[in-house]
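A structural walkthrough
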Amino acid sequence: SKSEVCDVVIIGAGPAGAIAASMLAQDGWNTVVVERENFPRFSIGESLLPHCMEFVKQAGMLDALNANAEKLDFQFKNGAAFYRKGERSEFNFENKFSDGPGTTFQVKRAAFDKLLADEASKLGADIRYQQSVEEVVTHEEGATLKITTADDSYHLKTRFVLDASGFGRVLPRLLDLNVPSDLPPRKAVFTHFKDNIKADANFDRNKILITVHPEIEDVWYWLIPFSDGTSSLGVVARPELFNDEQTLEEQLWAFIHQDDNLSELFEQAEITQPARMIGGYSSNVKSLYGPSFALLGNAGEFLDPVFSSGVTIAMRSAVTAAQLVTRELKGEQVDWQIEYADSLKKGIDVFKTFVTSWYDTSFQNVVFFQSEDTEIKPMITSILAGYAWDESNPFVKSSRRGMRMLAKLCEAD
Ligand code: FAD
């Protein structure tokens, strides 16, 4: 079959792929993105964190994002609100400890991902939709990929491959890198609603609302409003807690009606698209890199959706890897373990501490602890805003110790 040559191949045109592609194209590399779907396409992961705005900016796409936000119904976001059985708590991202942006957006990913991909192609990346990576051979000098199109296939020879295929996990599958996550399996049921939330309701459209189930403490809901009067709502629980004899819509409404606040907010809400289900999404890999390849975003490790950290981690991995690929292609020595894997893992591990303590409820108690301790709240707010790599934050530097200390403090109250 036909054969082509390029500098870098990126698998997947989601946020990780688009950010990496735009940076590499701007560095002058002949960059091909192979994307299985046609855009726009649905994706879950709609609530962004402020830290990811820095990566959008580094990739040269921030002006386009801001210019199109209103038209695409992206909702301004400045924090996270929490609700548990009558208790309320709020974190305003602008009061965070770390430097950097304090606001972001909640986005319909079909439109958001298309915007980023279109910008990447304006900046020089060659994005090929409805093509899929089926085979790969990697070695020190580069890689050869077999790509299938609707009616044909061809080989692409490249100096470096970045896998940004998300839950497609192309290289982990083809190169046998998958290892199970040590987080217990959970599943999510979700859809979009015309929410009809009343203007005078106790609800701030500028914040994601995370609700803890009133009876089952490891079950939670997200409510992510958009600016056109629609919202994304989903529930996350262990698989056995779903009643699979009901339709997904019925299951979702049943969970909504178990919480007083969501029942009230969604009294007039109407579902606008078929509900979806995703499970077994937590994943891990043996290694985030190898000869002439690296894994970005969800194609590497994915933890859990509770703190909306997925897109931020994906974009951070993309920016870091793109800079390293440029150095490597220029002939510089790159230590992928230290400069990529270890450095990315630092922040992922911080989120992991927070996720684990969310589900064992110690962090939930911290969230609802009504103390205006002016020292600690900004540090926690920073992590919730995505700044999980800022080592001047004690909760980044030793997150497990910080979390244990906090949990004790809240118990003692
Ligand atoms: P993706 O966005 O998944 O993009 C991967 C792309 O690769 C896709 O376009 C796909 O079509 C393409 N692809 C796949 N296989 C192939 C192939 N063989 N060949 C070519 N292309 C291929 N994150 C947040 O930041 N905020 C949230 O609120 C949030 N909520 C979530 C809720 C749930 C229930 C779950 C499960 C996740 C959530 N996430 C959230 C995580 C978020 O979905 C992901 O972290 C994010 O989409 C990862 O981006 P990515 O670029 O790595 O991959």
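Heads up: these notes are all about the structure in this document.

Thoughts on the site of the ligand
Near the ligand, the surroundings consist of 38 residues, among which Glu35, Ile44, Ser47, Arg109 and Val311 are the closest. Interatomic distance of 2.8 Å between a backbone N/O atom of isoleucine 44 and an oxygen atom of the ligand. At a separation of 3.3 Å, a nitrogen atom of the ligand approaches a polar backbone atom of valine 133. Burial of the ligand by the protein amounts to 96% of the accessible area it has alone, namely 1000 Å². Those elements giving two or more residues to the shell around the ligand turn out to be α1 (15-26), β2 (31-35), β8 (132-139), β14 (220-225) and α8 (310-329). Tallying contributions element by element places α8 first for the shell around the ligand, with three residues. Partitioning the shell around the ligand into residue classes produces 19 nonpolar, 13 polar and six charged.

Let's talk about the packing of aromatic side chains
Under the defined criterion, the tally for this structure stands at 21 aromatic pairs. Considering the side-chain rings of phenylalanine 193 and phenylalanine 266, the 4.8 Å spacing of their centres and the 65 degrees angle between planes classify their relative orientation as edge-to-face. Taken together, the positions of phenylalanine 193 in strand β12 (residues 187-194) and phenylalanine 266 in the loop between α7 (260-265) and β16 (270-271) put the pair 73 residues apart, joining distant regions of the chain. For the pair shown, phenylalanine 193 and phenylalanine 266 are each scored as buried. A ring pair is formed by phenylalanine 242 and phenylalanine 255, whose centres lie 5.4 Å apart and whose planes are at 65 degrees; its orientation type is edge-to-face. Of the two residues, phenylalanine 242 is situated in the loop between β15 (230-237) and α6 (248-258) and phenylalanine 255 in helix α6; the sequence distance between them amounts to 13 residues. Phenylalanine 255 gets classed as buried once you look at its relative accessible area, which sits at 5%. Connected via pairs of aromatic rings, a cluster forms that spans Phe82, Phe91, Phe307, Phe354, Trp358 and Phe363.

Focus on helix α2 (residues 51-58)
Within α2 the residues assigned to the buried category are His51, Cys52, Met53, Phe55 and Val56. In this structure, the buried residues of α2 make contact with α1, α3 (62-68), β6 (104-106) and α8. Looking one or two residues beyond α2, the residue adopting positive phi is glycine 60, at roughly 80 degrees.

Scoring rules and cut-offs
- Residues numbered from 1 in each chain as written.
- Predicted model: local features only at pLDDT ≥ 70, side-chain atom pairs only at ≥ 80, totals over all residues.
- Heavy atoms only, no water.
- Near = heavy atom within 4 Å.
- Polar contact = N/O pair within 3.5 Å; in protein donor to acceptor, adjacent residues only side chain to side chain.
- Areas by Shrake-Rupley, 256 points an atom, 1.4 Å probe, with all protein chains shown as cover.
- Helix = DSSP H or I, 4+ residues; strand = E, 2+ residues; numbered from the N terminus.
- Nonpolar A, V, L, I, M, F, W, Y, C, P; charged D, E, K, R; others polar.
- Phe/Tyr/Trp six-rings, centres within 6.5 Å; stacked < 30°, edge-to-face > 60°.
- Buried < 20%, exposed > 50% of the residue type's maximum accessible area, 1.4 Å probe, protein only.
- Contact = heavy atoms within 4.5 Å.

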